[in-house]
Amino acid sequence: MNRSEKAYNFLVHEKTYHRDLHQYRAGDYFQDNLLHLTAKLAPQHKLNKVNGTTLQMQKELQWFQEVSKLVSPEQRTSRNSAEETPTMVFSKQHEGLRQKGEDWMKSTANSYTIVAALIITIAFSAIITVPGGNNGDTGKAIYEKELSYIIFLVSDALSLFTSTTSLLWFLSILTARYADEDFLHKLPKRLIVGLIMLFMSVTAMLIAFSAALYIMSGHKNWWILLAIGVTTLLPISSFVTLQLPLLVDLIDSTYGRGVFGKRSERRRTS
């Protein structure tokens, strides 16, 4: 079936509000109804409009789910000449795409898991080795009342907690069952949350490192603080530039307006 979002939106959302007019009942030679046809894999040039096999699989599911709302309940479970329901046709046609999407998700989650684990190790080590040392009599940090030390403490704790959270979300991706319907919301949502938590942990870690560096060598030297601030922006901006497009695509595809638009509230008089 040729996927044309503009034609679909015009015919379904603009042309008429009557659902019955869209109940496609005629079948082809193989007794495929409209949902059977939608369940077939889209042409390659249509798939290539979406970046990544996971988002391609998600878009195919969005098409299938949208048309499922349009057809009658009988058509959702009807069988064609091969005794296959629309859901069976979808699973069969998209097995290769689903496997590629699974491989990409696991590979991506595995890479991010390694990064999150490294940040956890660094953040935990930093909180033990207090910058500036401890008071020999009380055992408390020498700079415990300094603003820079408070910033270090809060940032390091935030980095530890957010990286641990991102690690758990990425691990949930690795252990997911990867059913067809999981690509619609469940798997993209886990990757979105994991990426947001990882970005927060990287940012907090760099702030904690900058605060510790200032404590060790930057007191009364504001030019050092300025240099630290400028250099801290480099890895943060690099991370945003490289990873933000993926995060934006995931959020837009999962929670955005979508390719089908919104059903028109306006009703035409017949």
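The structure this text deals with has already been given above.
All right, on to the overall build of the chain then. A tally of regular secondary structure across the chain gives 10 helices and zero strands. Along the chain, from the amino end to the carboxyl end, the secondary structure elements read α-α-α-α-α-α-α-α-α-α. Residues counted as buried form 42% of the 270 residues belonging to the chain. If you sum the accessible surface of the chain, you get close to 15600 Å²; carbon and sulfur atoms cover 62% of it.

Turning our attention to the packing of helix α4 (residues 53-70) against helix α10 (residues 222-255). Running from N to C, α4 and α10 cross one another at 10°; their axes reach a closest spacing of 11 Å. The angle between α4 and α10 places the two elements in the roughly parallel class. Between α4, through Leu 55, Gln 58 and Gln 62, and α10, the contact on the second element is made entirely by Asp 249, Leu 250, Ser 253 and Thr 254. Looking at the contact of α4 with α10 residue by residue, the class counts come to two nonpolar, four polar and one charged.

The next subject is the side chain of Ser 166. One can find Ser 166 in helix α8 (residues 147-174). Of the polar contacts made by the side chain of Ser 166, one reaches the backbone oxygen of Ser 163; its length is 2.7 Å. Residue contacts for Ser 166: discarding those within four places in its chain leaves Ala 116, Gly 194, Met 197 and Leu 198.

Turning our eyes to something else, we now look at the environment of Phe 239. Take Phe 239: it is sitting in helix α10. C-alpha of Phe 239 to C-alpha of Val 202: the two residues are 37 residues apart in sequence and 8.7 Å apart in space.

Although it is not a glycine, Glu 83 adopts a positive phi angle of roughly 60°. If you trace the backbone, Glu 83 turns up in the loop between α5 (73-77) and α6 (86-93). Unlike most non-glycine residues, Tyr 178 shows phi in positive territory, near 60°. Structurally, the position occupied by Tyr 178 is in the loop between α8 and α9 (186-217).

Should their charged atoms come close, side chains of opposite charge can pair. Throughout the structure, instances matching the rule amount to seven salt bridges. With its nearest N and O atoms 2.9 Å apart, the salt bridge here joins Glu 102 to Lys 106. With Glu 102 and Lys 106 both in helix α7 (residues 95-128) and four residues apart, the pair spans about one turn of that helix. What makes Glu 102 buried here is its relative accessible area of 11%.

Moving on, we come to the packing of aromatic side chains. Enumeration according to the criterion identifies five aromatic pairs in this entry. Considering the side-chain rings of Phe 64 and Phe 90, the 5.1 Å spacing of their centres and the 40° angle between planes classify their relative orientation as tilted. One end of the pair, Phe 64, is in helix α4; the other, Phe 90, is in helix α6, with 26 residues separating them in the sequence. The class for Phe 64 is buried, based on a relative accessible area of 12%. Between Tyr 149 and Phe 152, the aromatic rings sit 6.2 Å apart at their centres with planes inclined by 40°, giving tilted as the arrangement. Here Phe 152 and Tyr 149 lie together in helix α8, a separation of three residues that amounts to about one turn. When its relative accessible area of 10% is taken as the criterion, Tyr 149 is described as buried.

You can see Thr 162 is positioned in helix α8. Among the polar contacts listed, one links the side chain of Thr 162 to the backbone nitrogen of Ser 201, at a separation of 3.4 Å. Filtering out sequence-adjacent residues up to four positions away, Thr 162 remains in contact with Met 197, Met 200 and Ser 201.

Let's shift gears to the packing of α8 against α9. A pair of packed helices can be characterised by two numbers: the angle between their axes and the separation between those axes. It is the contact of α8 with α9, at a shortest axis distance of 7 Å, that shows an interaxial angle of 155°. When the interaxial angle is binned, α8 and α9 end up roughly antiparallel. Crossing handedness for the pair α8 and α9: left-handed. For the contact of α8 with α9, a count of residues per class yields 21 nonpolar, 10 polar and two charged.

A cluster of nonpolar side chains, namely Phe 124, Ile 127, Ile 128, Leu 147, Ile 150, Ile 151, Leu 153, Val 154 and Ile 207, defines an oily patch on the protein surface of about 800 Å² accessible area. Every element with two or more residues in the nonpolar patch is listed here: α7 and α8. Inspection of the secondary structure puts Ile 207 in helix α9. Since its relative accessible area comes to 35%, Ile 207 is described here as partly exposed.

Reading the values: rules and limits
Residues numbered from 1 in each chain as written. Predicted model: local features only at pLDDT ≥ 70, side-chain atom pairs only at ≥ 80, totals over all residues. Heavy atoms only, no water. Helix = DSSP H or I, 4+ residues; strand = E, 2+ residues; numbered from the N terminus. Buried < 20%, exposed > 50% of the residue type's maximum accessible area, 1.4 Å probe, protein only. Areas by Shrake-Rupley, 256 points an atom, 1.4 Å probe, with all protein chains shown as cover. Axes fitted to C-alpha atoms, helices over the stretch in contact; angles between N-to-C directions. Parallel < 35°, antiparallel > 145°, perpendicular 65-115°, else oblique. Contact = heavy atoms within 4.5 Å. Nonpolar A, V, L, I, M, F, W, Y, C, P; charged D, E, K, R; others polar. Polar contact = N/O pair within 3.5 Å; in protein donor to acceptor, adjacent residues only side chain to side chain. Salt bridge = Lys/Arg side-chain N within 4 Å of Asp/Glu carboxyl O. Phe/Tyr/Trp six-rings, centres within 6.5 Å; stacked < 30°, edge-to-face > 60°. Left-handed = near helix turned anticlockwise from the far one by under 90°. Patch = residues over 30% accessible without salt bridge, like charges linked within 9 Å, V, L, I, M, F, W, Y side chains within 5 Å.

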